[in-house]
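Report on the structure
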Amino acid sequence: MTAAAMKMHVLSGGKLKLRAATYYPEAARDDIATLPCSCILLRHPQGNVLFDSGCHPAVATDAAARWGGLAKSIVPAMAADDNVLAEIGRLGLKPDDIDLVVNSHLHMDHCGCNEFFAKASFVVHAREIEVADDPASEGKGYFRADWDIGRPIETIAAERDVFGDERIVLLPLPGHTPGSIGALVALERSGRFLLAADALSVRANLERDFAPKNSWDADLFRQSLAEIRRLERAGATVLCGHDPEQWKSLKKGAESYD
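What this report covers is the structure whose coordinates are included nearby.

Thresholds, definitions, all that
- Residues numbered from 1 in each chain as written.
- Predicted model: local features only at pLDDT ≥ 70, side-chain atom pairs only at ≥ 80, totals over all residues.
- Heavy atoms only, no water.
- Helix = DSSP H or I, 4+ residues; strand = E, 2+ residues; numbered from the N terminus.
- Rg over C-alpha atoms; globule rule 2.2 N^0.38 Å.
- Buried < 20%, exposed > 50% of the residue type's maximum accessible area, 1.4 Å probe, protein only.
- Areas by Shrake-Rupley, 256 points an atom, 1.4 Å probe, with all protein chains shown as cover.
- Lys, Arg positive; Asp, Glu negative; His and termini not counted.
- Charge placed at Lys NZ, Arg CZ, Asp CG, Glu CD.
- Salt bridge = Lys/Arg side-chain N within 4 Å of Asp/Glu carboxyl O.
- Polar contact = N/O pair within 3.5 Å; in protein donor to acceptor, adjacent residues only side chain to side chain.
- Contact = heavy atoms within 4.5 Å.
- Core = buried A, V, L, I, M, F, W, Y, C linked by side-chain atoms within 4.5 Å.
- Disulfide = S-S within 2.5 Å.
- 1 Å grid on protein atoms, 1.4 Å probe; cavity = no way out; pocket = protein on both sides within 12 Å on 5 of 7 lines; lining within 4 Å.
- Points joined across faces, edges and corners; volume = space filled by probe spheres on them.
- Nonpolar A, V, L, I, M, F, W, Y, C, P; charged D, E, K, R; others polar.

**Things to note about the overall build of the chain**
- Along its length, the chain carries eight helices and 12 strands.
- Here the chain has a C-alpha radius of gyration of 17 Å; the compact-globule value for 258 residues is 18 Å, and the two agree.
- By its C-alpha atoms, the chain is 50 × 40 × 35 Å across when sized along the principal axes.
- Relative to its 258 residues, the chain shows a buried fraction of 54%.
- Counting every atom, the chain has about 10,900 Å² of accessible surface; 50% of that belongs to carbon and sulfur.
- Once the 29 positive and 37 negative side-chain charges of the chain are each reduced to a mean point, those two points are 3 Å apart.

**Thoughts on the side chain of Asp109**
- Positionally, Asp109 belongs in helix α3 (residues 108-111).
- Buried and without a salt bridge, Asp109 has Arg66 as its closest oppositely charged side chain, separated by 11 Å.
- In this structure the side chain of Asp109 is engaged in a polar contact, spanning 3.4 Å, whose partner is the side chain of His110.
- Looking at Asp109, its side chain comes within polar contact range of the side chain of His242, at 3.3 Å.
- Apart from the residues lying within four places of it in its own chain, the contact partners of Asp109 are Leu16, Cys37, Gly54, Cys55 and His242.

**Concerning the nonpolar core**
- Judged by nonpolar contacts, the single largest core of 24 residues is most densely connected at Met8, Ile40, Leu42, Val102, Val185, Phe193 and Leu195.
- Going through the elements one at a time, β1 (7-19), β2 (32-44), β3 (47-51), β5 (100-102), β9 (168-172), β10 (181-187) and β11 (191-197) are the ones with two or more residues in this core.
- A total of four residues in this core trace back to one element, the largest contributor, which is β10.
- Excluding anything up to four places from it in sequence, Val102 contacts Val49, Leu50, Phe51, Asp52, Val123, Leu170 and Ile181.
- Membership of the second largest hydrophobic core comes to 17 residues, among which are Leu173, Ile228, Val238 and Cys240.

**Some words on the state of the cysteines**
- One pass over the full model with this rule turns up zero disulfides.
- Here Cys55 is not cross-linked by a disulfide; its sulfur's nearest cysteine counterpart is in Cys37, at 4.0 Å.
- For the unlinked cysteine Cys113, the closest cysteine sulfur is that of Cys39, found at 7.4 Å.
- A residue is classified by how much of its surface remains accessible, and Cys113, at 0% relative accessible area, is buried.

**Quick look at the pattern of salt bridges**
- Enumeration over the complete set of coordinates arrives at 21 salt bridges.
- Two residues, Arg66 and Asp146, come together in a salt bridge whose shortest N-O distance is 2.8 Å. Of this pair, Arg66 sits in helix α1 (residues 59-67) while Asp146 sits in helix α5 (residues 144-147); the two residues are 80 residues apart in sequence, bridging distant segments of the chain.
- Given the relative accessible area of 1%, Asp146 is considered buried.
- Linking Arg167 and Asp165 is a salt bridge whose minimum nitrogen-to-oxygen distance equals 3.7 Å.
- Among the residues examined, Asp165 registers a relative accessible area of 28% and is labelled partly exposed.
- Sharing partners across several salt bridges, the network here consists of Lys7, Arg189 and Asp258.

**Considerations on empty space enclosed by the protein**
- Taken as a whole, this structure holds three cavities of 30 Å³ or more when the rule is applied.
- Here the largest cavity is characterised by a volume of approximately 70 Å³.
- Every residue lining the largest cavity is listed: Val10, Pro36, Ser38, Ile40, Leu239, Cys240, Gly241, His242, Asp243, Gln246, Trp247 and Leu250.
- Among the secondary structure elements, those contributing two or more residues to the lining of the largest cavity are β2, β12 (237-240) and α8 (244-249).
- Here the lining of the largest cavity takes three residues from β2, the largest share from any one element.
- Tallied by class, residues from the lining of the largest cavity come to seven nonpolar, four polar and one charged.
- By volume, the second largest cavity is sized at about 50 Å³.
- Along its surface, the second largest cavity is lined by Ser38, Ile40, Phe51, Asp52, His110, Leu195, Ala196, Ala197, Leu239, Cys240 and Gly241.
- Sorting the residues of the lining of the second largest cavity by element identifies β2, β11 and β12 as the ones contributing at least two each.
- Here the lining of the second largest cavity is composed, by residue class, of seven nonpolar, three polar and one charged.

Shown next as structure tokens:
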């Protein structure tokens, strides 16, 4: 890797089973979807950036112990080594090699491994911290054990160019949660990518202008969909947070986008 290059690795943060109708309006009530949890490692010359940290490894064997009653409706469907820690290990990296963790939001399947990155800095939207810190949010997708790990968290409230070179630009995409953010990534050969996380969990929501049933604010979600469409028209490849069909088509693990 040259001094100027950046590589992007798509990594698994686990897999979840839940009612398909949450995301697909035509699905029957009892249809179950198995969805991947995507995490993205950006190997920038100035540091290794992890966008989302996926599910905590413990939920593979005892989800209820960590997620309580929510584990009945959102069920982990992953092997014990299907998590971002094992994934970065397969790249020859250790948790201490991660310099920055960006959480798209603070739901348990996006920040579950935060605690393991002891030398990393953390970035989250300010509104997301407010919601997660509200005791009424605990157990409703937010679990303090995932995000409140005794480490400083830098908050943003607007776009943020992480390294000042327009290669990783964080941007608010609210609607799924109040503080959901995405990342616009510019690679030398592969072009621009929008890491949408749950601002676009599955591609079908963009095509049908559908706000999933787990949206915090459906109107704001659709406004963020409009921004995602604009960025796609401008040439960005949109990476969804949980799309099983897109997941099959992506380079993953050691096979990088450059």
